[in-house]
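Structural features, examined
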Amino acid sequence: MAPCPRAARISAIVCAYNEAATLPACLHSLLAQSRPPDEVILVNNASTDQTGAVARGIPGVRVLDEPHKGLVVARETARLAASGDILAYVDADCRAPLQWLEHVERRFARYPALVAVTGPFRFYDWDLVGRALIRAYDALVAPPPHALVHYGLGLGAVLYGGNFAVRREALQRIGGFDVTLEFHGEDTNLGRRLTPLGSVHLAGECWLWTSARRYRAMGKRRVFGLYVRNFWSEILRHRPADR
């Protein structure tokens, strides 16, 4: 994989389904980066609310309408339309700290063999117990399996689907996103398919703010179990455990 020059273009990409309420904070945080993105793309993924209208009302945002509902489909739509050398994907309920893209760019510039970088989350709307649990997960739980499956066995990688950046060239070489997947395991699928091309870094400095709404709706134990189950199923069986 060729080195990523300092002058590489970066596309910041948000895929959104009915996210009119959370979208402004996300998009404005991307536009305010210390290292501004060369383009900001919002994929309006079959929304039935004002997601598209909200995004079109923010200067500097390019809106793509994708009528086929599905997160992976929306990501592939953005990949095909983006002009960046690095594609940085963010969930619509995330908010990027001012230096997020600066940290991402620095990683790619420093490590020529890097094909993707992913970072953890911090929650702006969760209780102290939840915040402590996720910080412990990021520090103690995620790194060992990443080291084992990525650097030790070469089988895949831990990759956070709502916070990752990837070389456009690498995505092209693996044929883009696997649009046969609906949701579960899609991030691990991507990390597994990218692993033969180069390194995937877990980078603590590339963290994002996000919402804990899924944890509140489903419960901490169920969400953690869902992720762990689908991670190992995708790594070992090359398919998610849940549909």
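Below is a short write-up of the structure. (Residues numbered from 1 in each chain as written. Predicted model: local features only at pLDDT ≥ 70, side-chain atom pairs only at ≥ 80, totals over all residues. Heavy atoms only, no water.)

A look at the packing of helix α5 (residues 128-141) against helix α6 (residues 143-152)
Orientation of α5 relative to α6, taken along the N-to-C sense of each, is 35°, at an axis distance of 5 Å. Along its contact with α5, which presents Y137, D138, A139, L140 and V141, the element α6 presents P143, P144 and P145. Partitioned by chemical class, the residues of the contact of α5 with α6 number 7 nonpolar, no polar and 1 charged. (Axes fitted to C-alpha atoms, helices over the stretch in contact; angles between N-to-C directions. Helix = DSSP H or I, 4+ residues; strand = E, 2+ residues; numbered from the N terminus. Contact = heavy atoms within 4.5 Å. Nonpolar A, V, L, I, M, F, W, Y, C, P; charged D, E, K, R; others polar.)

Details of the pattern of salt bridges
One pass over the full model with this rule turns up 15 salt bridges. Here R56 ties to D65 by a salt bridge, and the two come within 2.5 Å at their closest N and O atoms. Looking at R56, the relative accessible area reads 48%, which means it is partly exposed. One salt bridge connects E205 with R107, and the closest N-O pair in it is separated by 2.7 Å. With E205 in the loop between β8 (199-202) and β9 (208-210) and R107 in helix α4 (residues 100-110), the pair connects residues that are 98 residues apart, well separated along the chain. Given a relative accessible area of 30%, E205 falls into the partly exposed group. Salt bridges sharing common partners tie together E19, D93 and R213. (Salt bridge = Lys/Arg side-chain N within 4 Å of Asp/Glu carboxyl O. Buried < 20%, exposed > 50% of the residue type's maximum accessible area, 1.4 Å probe, protein only.)

Some words on the sheet that holds strand β2 (residues 39-45)
Sheet strands associate in pairs through backbone hydrogen bonding, adopting either a parallel or an antiparallel arrangement. With mixed pairing, 7 strands are arranged side by side in an open sheet as β3-β2-β1-β4-β7-β5-β8. Two strands close off the open sheet at either side, each with one partner strand: β3 (61-66) and β8. Going across the sheet, the axis of each strand differs from the next one's by a mean of 20°, ignoring polarity. Each of β1 (10-16), β2, β3 and β4 (86-91) is contacted by helix α1 (residues 23-31), which is oriented at about 175° to β1, the strand it contacts most. The strands touched by helix α3 (residues 71-81) are β1, β2, β3, β4 and β7 (163-167); relative to β3, the strand with the most contacts, the crossing angle is about 130°. (Pairing = 2+ DSSP bridges.)

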